[in-house]
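Coordinates in review
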Amino acid sequence: MKRYVALLRGINISGKNKIPMIELKQCFERLDYTEVKTYLSSGNVIFSSDETDRIKITSQIEEMIKNQFHLDIPVFIISKEKLEDILHHAPDWWGNENKEIYDNLVFIIPPATCKDVYNEIGEPKEGLEKIKEYKETVFCSLLTNSTGFLNSCIMKRQKDDFVLSNTFEALSAFFFFIYIPLYGIIYLLDRM
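Everything quoted here is computed from the prediction, not taken from an experiment.

**What about the confidence of the model for the chain?**
Across the chain, the average pLDDT comes to 76, with 72% of residues at 70 or higher. Here residues 148-177 is modelled with pLDDT under 50, and outside its nearest four sequence neighbours on either side it reaches 68 contacts, counting other chains as well.

Printed below as a string of structure tokens:
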């Protein structure tokens with residue numbers, strides 16, 4: 001039996017794409033997943049399965065969400081082992097105790113690639129932001145009051161008549177990715 005986390009993109013944000021976690025948990029159990037746990041209302045679901053094909057698991061969950069909740073929600077599946085591998089390759093500057101730094105782990109949902117994200121966002125501003133790509137993830141750290149490359153993307157989008165408030169929410173509207181703050185990653189890993 002393998003342990004996984006399903007990251008559901010864009011649910012329960014500002015009253016949109018509402019999915020009650022109790023119902024979501026029950027739906028996972030009806031798919032014969034076991035040891036199912038949800039994380040707040042975030043759309044992160046930890047579960048166990050004998051299935052090893054991530055694409056099959058992803059398709060099952062996306063179809064279940066569409067049928068049960070009438071929503072088209074991209075899903076990213078990662079095993080406990082892969083998540084541990086990713087965190088093992090975290091750069092030294094990511095995940096320290098500095099409260100002025102906001103650390104995130106960005107999961108790129110295929111077919112999007114890290115290159116797609118970089119092409120849209122541009123280069124990080126030296127001294128304000130740091131990024132490092134590893135497999136289908138990007139480690140990202142920025143000063144909490146930064147106006148660097150992520151915010152530059154937002155400003156560009158605002159000029160195109162988009163009204164965007166949260167940097168990562170805004171970026172996720174244009175890319176298929178999911179970001180999780182460091183504390184969320186630690187919480188998920190502790191419960192896997």
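**Thoughts on the nonpolar core**
Counting 22 residues, the largest nonpolar core has Ala6, Leu24, Phe28, Phe47, Ile61 and Ile65 as the members making the most contacts within it. The set of elements that each furnish at least two residues to this core consists of strand E1 (2-8), helix H1 (21-30), strand E3 (44-49), helix H2 (54-69) and strand E4 (75-79). Ranked by the residues each element gives to this core, the list is headed by H2, at five residues. With residues up to four places along the chain from it excluded, the contact list for Phe28 reads Ala6, Tyr33, Val36, Val45, Phe47, Ile61 and Met64. In this structure, Ile46, Ile86, Trp94 and Phe107 belong to the second largest nonpolar core, which totals 13 residues.

**Some points on the packing of aromatic side chains**
Considering all chains together, one arrives at five aromatic pairs under this definition. Both rings, one in Phe28 and one in Tyr33, keep their centres 5.9 Å apart while their planes meet at 50°; by these two values the pair is tilted. Here Phe28 and Tyr33 have matching classes, each one buried. With 4.6 Å between their ring centres and 45° between their planes, Tyr33 and Phe47 make a pair best called tilted. With Tyr33 in the loop between H1 and strand E2 (34-39) and Phe47 in strand E3, this residue pair connects regions lying 14 residues apart in the sequence.

What counts as what
- Throughout, residues of each chain are indexed from 1 in the direction in which the sequence is written.
- Whole-chain, interface and lining totals are the exception, using all residues; otherwise, since this is a predicted model, local features are given only for residues with pLDDT of at least 70 and side-chain atom pairs are given and counted only at 80 or more.
- Heavy atoms from the whole structure form the basis of all side-chain values; hydrogens and water molecules are not counted.
- As a per-residue quantity, pLDDT reports the predictor's confidence and falls between 0 and 100.
- In what follows, residue pairs with any heavy atoms lying within 4.5 Å of each other are defined as contacts.
- Among the buried residues, those of types Ala, Val, Leu, Ile, Met, Phe, Trp, Tyr and Cys that are joined through side-chain atoms within 4.5 Å form a nonpolar core.
- A simple rule labels every residue: compare its accessible area, found with a 1.4 Å probe on the protein chains alone, to the largest value its type can have, and call it buried under 20%, exposed over 50%, or partly exposed in between.
- Put simply, DSSP H or I for four residues or longer makes a helix, DSSP E for two residues or longer makes a strand, and each gets a number counted from the N terminus.
- Within 6.5 Å between ring centres, the rings of Phe, Tyr and Trp (the latter by its six-membered ring) count as paired, and their orientation is classed by plane angle as stacked under 30 degrees, edge-to-face over 60, tilted in between.

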